[in-house]
Amino acid sequence: MQIIKYIILLLVLTSSSYIGILVSKKYKNRVRELKEMKSSLAIFATKIKLTYEPIPEIFLEIGNKENSNVKSVNNIFKVAAKKMEELPAGKAWIEALESQNTNLKKEDIEVLKGLSNLLGKVDVEGQVSEIELVDNFLNTQIEKAEEESKKSEKMYKVLGVTIGLAMVIVLV
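Here the structure is a predicted model, which is why all the values come from computation and not from measurement.

Asks: Go over the overall build of the protein chain with me, naming the residues and quoting the values.
Replies: Counting secondary structure elements, the protein chain contains six helices and zero strands. For the protein chain, the α and β elements follow one another from N to C terminus as α-α-α-α-α-α. Relative to the compact-globule value of 16 Å for 172 residues, the protein chain shows a C-alpha radius of gyration of 21 Å, a clear excess of over 25%. For the protein chain, buried positions account for 40% of its 172 residues. Sequence separation of at least 24 residues holds for 65% of the intrachain contacts in the protein chain that already meet a minimum separation of 6. Surface exposure of the protein chain reaches about 10200 Å², of which carbon and sulfur atoms provide 60%.

Structure representation (structure tokens):
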């Protein structure tokens, strides 16, 4: 009977620690997603300047990138490309951003939605300048996310273990 009690206590400690680690990973993943989005938008700007390919084709190519570790960002571009078959580029981009499950905060998504204002509506230079503007906002968001990640990541890991230990002490 005593062994079962210790096994349950170990499971409580392990599960609460694991929950703390999962919550802390959201902060690290947000930084990775923002950096991947910045990289993808840089590719978009370059392709739109140099190749004059249609936006849906560029988005599909970005969405199908093999070397990306962040599939949620790729999915945003894939969904946007697919939605552009029936919607204007700006609306398709907004719907793609809203439909994907990411670690991005609401303010990050609002910054990215800013790209929709001129997407497909103006000449190449206008779109590139809009991408650069969003890129500048993303730099700020990345800095904020990195600071938040440094603070919160360690805190949630320690909090998970602490709560687990507290529950073990109470249950003993």
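Asks: Requested: an account of the pattern of salt bridges, with residues and values cited.
Replies: Within the structure shown, the criterion is met by 11 salt bridges. Linked by salt bridges that have partners in common, Arg 30, Lys 105, Asp 108 and Glu 148 make up one network.

Asks: Explain the packing of aromatic side chains to me, using residue names and the numbers behind them.
Replies: Two descriptors summarise a pair of aromatic rings, namely the distance from one centre to the other and the angle between the planes of the rings. Scanning the entire structure with this criterion turns up five aromatic pairs. Judged by centre distance (4.9 Å) and plane angle (65 degrees), the rings of Phe 44 and Phe 59 are edge-to-face. Taken together, the positions of Phe 44 in helix α1 (residues 2-50) and Phe 59 in helix α2 (residues 55-63) put the pair 15 residues apart, joining distant regions of the chain. Both residues of the pair, Phe 44 and Phe 59, count as buried. An angle of 55 degrees between the planes, with centres 5.2 Å apart, marks the rings of Phe 77 and Trp 93 as tilted. Of this pair, Phe 77 sits in helix α3 (residues 71-83) while Trp 93 sits in helix α4 (residues 89-99), and the two are 16 residues apart along the sequence. There is no split in this pair, since Phe 77 and Trp 93 are both buried. Each residue in the set Phe 44, Phe 59, Phe 77 and Trp 93 is aromatic and connected to the rest through ring pairs, giving one cluster.

Asks: Give me the nonpolar core: which residues, what numbers.
Replies: Core analysis: the largest hydrophobic core is formed by 35 residues, its most contacted members being Met 37, Leu 41, Phe 44, Phe 59, Trp 93 and Leu 119. Mapped by element, the contributors of at least two residues to this core are α1, α2, α3, α4, α5 (106-113) and α6 (124-171). Sort the elements by how many residues they give to this core and α1 lands first, with seven residues. Non-local contacts of Leu 41, meaning those with residues more than four positions away in its chain, are made with Phe 77, Leu 112, Leu 115, Ile 131, Val 134 and Leu 138.

Thresholds, definitions, all that
Residues numbered from 1 in each chain as written. Predicted model: local features only at pLDDT ≥ 70, side-chain atom pairs only at ≥ 80, totals over all residues. Heavy atoms only, no water. Helix = DSSP H or I, 4+ residues; strand = E, 2+ residues; numbered from the N terminus. Rg over C-alpha atoms; globule rule 2.2 N^0.38 Å. Buried < 20%, exposed > 50% of the residue type's maximum accessible area, 1.4 Å probe, protein only. Contact = heavy atoms within 4.5 Å. Areas by Shrake-Rupley, 256 points an atom, 1.4 Å probe, with all protein chains shown as cover. Salt bridge = Lys/Arg side-chain N within 4 Å of Asp/Glu carboxyl O. Phe/Tyr/Trp six-rings, centres within 6.5 Å; stacked < 30°, edge-to-face > 60°. Core = buried A, V, L, I, M, F, W, Y, C linked by side-chain atoms within 4.5 Å.

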